[in-house]
Amino acid sequence: METPGSQSSLHRANLERVVRAVRLAGSLTQAEIARSTGLSAATVSNIVRELKDGGTVEVTPTSAGGRRARSVSLSGDAGIVIGVDFGHTHLRVAVGNLAHQVLAEESEPLDVDASSTQGFDRAEQLVSRLIEATGVDRSKIAGVGLGVPGPIDVESGTLGSSAILPGWIGTKPAEELRGRLGVTVHVDNDANLGALGEMVWGSGRGVRDLAYIKVASGVGAGLVIEGKIYRGPGGTAGEIGHITLDESGPVCRCGNRGCLETFTAARYVLPLLQSSHGTDLTMEGVVRLARDGDPGCRRVIADVGRHIGSGVANLCNLLNPSRVVLGGDLAEAGELVLGPIRESVGRYAIPSAARQLTILPGALGGRAEVLGALALALSEMGDSTLLDGTLSAATPAFT
């Protein structure tokens, strides 16, 4: 047993600090590890050498600022994490290692709204198929990240709104999947996971304050404050789709009138074009037609962008993020939607907040949420277990 405050316990704490920094970033140079942990360069060098000898990390030559450097990442065979993303119309699963490398990924259509049992059964089957395809033993699973298209009650773990997924009323998604897979499952809503995915792998890299706006069948925002997802005490932070734009507007599924969602979500926008473009039109199709020059689709996307911009302006005035990332099918419209968003932000946001804001399309497309689920699993796993399993062969070098 280590005595608190002893040299051995301090060394152990430093080991965990280094492993955590590398685990969350994917890979870091030793200089970056020193800056992020506050440890000296000599201490970091000794710890990295010990972790490498124990098989916990891999060190590869790289360059930084034109100089030779050493990149440190967790060992590729130290374990795996699994990401599961339920959309309203799809199921996507990915398997990754602790070095932030995606080993396998697959998506299939699924009517998630209809039945939670069917959804979890399909998820279990897809996870098993991908694990078998990678050839990794199930004992290597360090955790699972799960995304669902609705708010999760922080205290009970239940889906927080029956209006969003009526077939999931009373369901506790993390418990359901944990019972099928036999491993720890961490759950969050899809917008939060989209924010995590873009922050780790996409358009949010290097930014500590951002909002990820997802526009699909609903509208949500994943909020990152000081490098961490902000969920609020009840888990409903970021429900930007229910900001009121017009108190006399259309009735929203939440029961209020004129919510942002009623002017931007697919279920409200597509009917505007059905008389001229038919009933089989999708948001993906609207974006494609708009990019090809269709005037009606361009007008609808511009209107949607202006409404989203009003919501983003409110976020700017309240939280002052440095970056907003637009996800979902709408992001593929590029400047056709980003231009009107910036126009509304410039009109309605406090000038100082608007000047500091960068608005970008997501870099990950439809993969943002499942990669965010991998990032969630990586962020929630404990470093002590990882060290206990890999340092037994190493001789401690106290620093």
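Residues numbered from 1 in each chain as written. Predicted model: local features only at pLDDT ≥ 70, side-chain atom pairs only at ≥ 80, totals over all residues. Heavy atoms only, no water.

Just so we agree on the cut-off: UniProt positions are given in the numbering used here, feature names are shortened, and annotations may be inferred rather than shown by experiment.
In the annotation of an unreviewed UniProt entry, the protein is listed under the name Transcriptional regulator and assigned to Streptomyces phaeoluteigriseus. Under the UniProt heading Sequence similarities (unreviewed entry), the note attached to the protein is "Belongs to the ROK (NagC/XylR) family."

Considering the overall build of the protein
Rules: The way it works is that DSSP assigns letters per residue, a run of H or I at least four long becomes a helix, a run of E at least two long becomes a strand, and they are numbered from the N terminus. Buried residues are those whose accessible area, probed at 1.4 Å on protein chains only, stays under 20% of the maximum for their type, while exposed residues exceed 50% and partly exposed ones sit between those limits. By definition, residues are in contact when any of their heavy atoms lie within 4.5 Å. Each accessible area is a Shrake-Rupley result for a 1.4 Å probe, and residues are judged covered by the shown protein chains and nothing else.
In terms of regular secondary structure, the protein is built from 15 helices and 13 strands. In terms of overall dimensions, the protein has C-alpha extents of about 75 × 50 × 40 Å along its principal axes. Out of the 399 residues belonging to the protein, those deemed buried represent 51%. Sequence-distant contacts in the protein: of pairs separated by 6 or more residues, those separated by 24 or more amount to 62%. Within the structure as shown, the protein displays about 17800 Å² of accessible surface, and the carbon and sulfur contribution to it stands at 48%.

Structural notes on the sheet that holds strand 3 (residues 67-74)
For clarity, the cut-off: When DSSP finds at least two bridges between two strands, those strands are taken to pair.
Read across the sheet, three strands follow the order 1-3-2 without closing on themselves; strand pairing throughout is antiparallel. Across the chains shown, the open sheet's two edge strands, defined by having one partner strand only, are strand 1 (28-29) and strand 2 (57-64). One ladder, built from two bridges, connects strand 1 with strand 3; its direction is antiparallel. Looking at strand 3, one finds that L28 is bridged to V72.

Some words on the domain arrangement of the protein
Let me state the cut-off plainly: Annotation comment: domain bounds sourced from an automatic or database domain assignment. Put simply, buried area is the surface a 1.4 Å probe can reach on two separate parts but cannot reach once they are joined, added for both. Any carboxyl oxygen of Asp or Glu within 4 Å of a side-chain nitrogen of Lys or Arg constitutes a salt bridge here.
Entries for the protein in the domain assignment read domain 1 (7-74), domain 2 (79-194 + 368-384) and domain 3 (206-363). For domain 2 versus domain 3, the distance between C-alpha centres works out to 25 Å. Each partner contributes to the interface: domain 2 provides 16 residues, whereas domain 3 provides 16 residues. Overall, the association of domain 2 and domain 3 removes approximately 1200 Å² of surface from exposure, summing both partners, and the carbon and sulfur fraction of that is 47%. Broken down residue by residue, the surface that domain 2 buries against domain 3 is led by V154, A191 and N192, which jointly contribute 35%. There are three salt bridges connecting domain 2 and domain 3. A salt bridge links E369 to K214; its shortest N-O distance comes to 3.8 Å.

Focus on the environment of K172
In this fold, K172 is placed in the loop between strand 7 (141-148) and helix 5 (173-181). In this view, K172 contacts S156, G157 and T158; residues no more than four positions away in its chain are not counted.

Comments concerning the packing of helix 1 (residues 7-25) against helix 2 (residues 30-37)
The following threshold applies: Axis geometry follows a simple rule: fit a line to the C-alpha atoms, using only the stretch in contact for helices, then measure angles between N-to-C directions, giving values from 0 to 180 degrees. Should an angle fall under 35 degrees it is taken as roughly parallel, and over 145 as roughly antiparallel, whereas 65 to 115 is taken as roughly perpendicular and any remaining angle as oblique. Note on convention: near helix rotated counterclockwise from far helix by under a right angle means a left-handed crossing. Clockwise means right-handed.
Taken N-terminus to C-terminus, the directions of helix 1 and helix 2 make an angle of 110°; their axes are 10 Å apart at the nearest point. Judged by the inter-axis angle, helix 1 sits roughly perpendicular to helix 2. Where helix 1 crosses over helix 2, the two elements pack in a sense that is right-handed. Residues R17, V18, A21 and V22 of helix 1 form the contact with helix 2, whose participating residues are I33, S36 and T37.

A few points about the pattern of salt bridges
All chains considered together, the criterion is met by 18 salt bridges. Of the charged contacts in the structure, one is a salt bridge between D121 and R180, with a shortest N-O distance of 3.1 Å. Separated by 59 residues along the polypeptide, D121 in helix 4 (residues 116-134) and R180 in helix 5 bring together distant segments of the chain. For D121, a relative accessible area of 31% translates into the label partly exposed. A salt bridge links E124 to R180, with the nearest nitrogen and oxygen atoms 3.9 Å apart. A residue pair is termed long-range when its members are at least 10 positions apart, and E124 in helix 4 and R180 in helix 5 qualify at 56 residues.

Description of helix 12 (residues 335-348)
Applied cut-off: For a helix, the expected span equals 1.5 Å multiplied by the number of residues minus one. The arc under discussion is defined with respect to the helix axis, by the directions toward the C-beta atoms.
When the terminal C-alpha atoms of helix 12 are compared, their 19 Å separation across 14 residues agrees well with the 20 Å that a helix rising 1.5 Å per residue should span. For helix 12, the full list of buried residues reads V337, L338, P340, I341, S344 and V345. All buried residues of helix 12 project into a common sector of 165° when viewed along the axis, lining one side. The outward face of helix 12, more than 90 degrees from its buried face, is lined by the exposed residues G346 and R347. Buried positions along helix 12 lie against helix 11 (295-319), strand 12 (323-327), helix 13 (351-355) and strand 13 (358-361).

A closer look at the UniProt feature "domain: HTH marR-type" (unreviewed entry) in the protein
Here, the residues flagged by UniProt with the feature "domain: HTH marR-type" (unreviewed entry) are residues 18-68. Within residues 18-68, the helical portion is 57% and the strand portion 24%, while the C-alpha atoms at the span's ends are 21 Å from each other.

Considering unusual backbone geometry
Backbone geometry at H100 places phi at a positive 70°, although glycine is not the residue there. Considering the arrangement of structural elements, one finds H100 in the loop between strand 5 (90-97) and strand 6 (102-109). At E226, a position not held by glycine, the phi torsion is positive, near 55°. Relative to the helices and strands, E226 is located in the loop between strand 10 (219-225) and strand 11 (228-229).

Overview of the confidence of the model for the protein
Stated formally: The predictor attaches a confidence to each residue, and that confidence, scored 0 to 100, is pLDDT.
Per-residue confidence for the protein averages 89 on the pLDDT scale, and 92% of its residues sit at or above 70. Scored below 50 in pLDDT, residues 390-399 makes 23 contacts in the model with residues more than four places away or belonging to other chains.

Quick notes on the packing of aromatic side chains
Applicable threshold: Stacked, tilted and edge-to-face are the three classes assigned to paired rings of Phe, Tyr and Trp, where Trp is represented by its six-membered ring and a pair needs centres within 6.5 Å; plane angles under 30 degrees give stacked, over 60 edge-to-face, the rest tilted.
Applying the stated criterion across every chain, the model contains three aromatic pairs. Ring geometry for F86 versus F120: centroids 5.6 Å apart, planes at 85°, classification edge-to-face. Of this pair, F86 sits in strand 4 (residues 80-86) while F120 sits in helix 4, and the two are 34 residues apart along the sequence. Classification of F86 by relative accessible area gives buried; the value is 0%. Centre to centre, the rings of F86 and W168 are 5.3 Å apart; their planes meet at 75°, and the pair counts as edge-to-face. Here the residue F86 occupies a position in strand 4, and W168 occupies one in the loop between strand 7 and helix 5, the gap between them amounting to 82 residues. Its relative accessible area of 0% is what places W168 among the buried residues.

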